[in-house]
Amino acid sequence: MDAQVDGQEEGVSDLVTLGKFLVTWISVGAMVFGGIVPFIPQYRKIRRHRDAEGFSTYVCLVLLVANVLRILFWFGKRYELPLLLQSGIMIATMLAMMHICTAVKLDQVTVSRRFKGRRISWWPS
């Protein structure tokens with residue numbers, strides 16, 4: 001009977017260890033990728049509508065500077081690896097956001113310069 005109880009306690013201990021492992025990795029994943037989640041719908045909207053109106057590139061600038069400083073700080077005083085990964089992923093995300101915003105704004109400037117001063121026949125007068 002004692003062997004059966006020991007086996008059950010060992011099984012419960014294994015489940016608790018597995019639960020802690022899963023919670024740890026889910027938490028790490030949420031911490032690493034959670035910062036970029038709000039930018040995914042914005043990126044898709046800007047790409048679909050070809051309009052970056054309402055999105056401030058200053059947000060990208062501030063987040064780029066903050067994450068670069070955090071990476072530089074890591075070389076002086078080591079901290080947890082998930083935070084370092086979060087900074088790298090956030091920098092890549094901000095560069096992607098800056099790329100799409102500048103591409104869209106460049107397209108808008110090019111179109112407005114092309115038609116400046118010309119009357120477009122299909123445009124209502």
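This is a predicted model, so every value here is computed, not measured. Each chain has its residues counted from 1, following the order in which its sequence is written. Selection of residues for local features in this predicted model requires a pLDDT of at least 70, selection of side-chain atom pairs for listing and counting requires 80 or more, and totals for whole chains, interfaces and linings are taken over all residues. Excluded from the side-chain calculation are hydrogens and water; included are all heavy atoms of the structure.

Peer 1: Sorry if this is basic, but what is going on with the packing of aromatic side chains here?
Peer 2: Centre-to-centre distance and the angle between the planes together describe a pair of aromatic rings. Two rings belonging to Phe, Tyr or Trp (six-membered ring only in the last case) form a pair when the distance between their centres is within 6.5 Å. Interplanar angles under 30 degrees mark stacking, angles over 60 mark edge-to-face geometry, and anything in between is tilted. The full count for this structure, using the stated rule, is three aromatic pairs. Residues Phe 73 and Tyr 79 carry aromatic rings whose centres are separated by 6.4 Å and whose planes lie at 15° to one another, so their mutual orientation is stacked. Accessibility expressed as a relative area gives 48% for Phe 73, which makes it partly exposed. Remark: a charge is flagged as sitting over a ring if the NZ atom of Lys or the CZ atom of Arg is within 6 Å of the ring centre and within 35 degrees of the ring normal. Over the ring of Trp 74 we find Arg 78, and its NZ or CZ is 3.9 Å from the ring centre. Burial classes: relative accessible area under 20% of the type maximum marks a residue as buried, over 50% as exposed, and values in between as partly exposed (1.4 Å probe, protein chains only).

Peer 1: Help me out: how do you make sense of the state of the cysteines in this one?
Peer 2: Cysteine sulfurs are considered disulfide-paired once they come within 2.5 Å of each other. The full count for this structure, using the stated rule, is zero disulfides. Counting only cysteine sulfurs, Cys 101 is the nearest neighbor of Cys 60, a cysteine outside any disulfide, at a range of 5.9 Å. Residue Cys 101 is classed as buried on the basis of its relative accessible area, which comes to 1%.

Peer 1: It is not clear to me how helix α3 (residues 57-76) should be interpreted in this structure. Could you clarify?
Peer 2: The periodicity of an α-helix, 3.6 residues per turn, causes residues three or four places apart in sequence to face the same way. Helix length check: α3, at 20 residues, gives a terminal C-alpha distance of 29 Å against a target of 28 Å (1.5 Å per residue), a fit within 8%. Helix and strand assignments follow DSSP, with helices taken as H or I runs no shorter than four residues and strands as E runs no shorter than two, numbered in order from the N terminus. Among the residues making up α3, those that are buried are Cys 60, Leu 64, Asn 67 and Trp 74. Down the axis of α3, the buried side of the element spans an arc of 85°, and every buried residue falls inside it. Residues Tyr 58, Val 62, Leu 69, Leu 72 and Gly 76 are exposed on α3 and point more than 90 degrees away from its buried face. Any pair of nitrogen or oxygen atoms within 3.5 Å is treated as a polar contact; in protein, a donor-acceptor pairing is required on top of that, and neighbouring residues in sequence qualify only through side-chain atoms on both sides. For α3, the N-terminal cap is Ser 56; the gap from its side-chain oxygen to the backbone nitrogen of Tyr 58 is 3.2 Å. Given a helix with a known number of residues, its expected span is that number minus one, times 1.5 Å. The directions from the helix axis to the C-beta atoms form the arc being described.

Peer 1: Explain the side chain of Asn 67 here, please?
Peer 2: Tracing the sequence through the fold places Asn 67 in helix α3. Overall, the relative accessible area of 6% leaves Asn 67 in the buried class. At 3.3 Å, the side chain of Asn 67 forms a polar contact with the side chain of Ser 87. If we skip the residues at most four places from it in the chain, Asn 67 touches Ser 87, Met 90 and Ile 91. Whether two residues are in contact is decided by their heavy atoms, any of which lying within 4.5 Å being enough.

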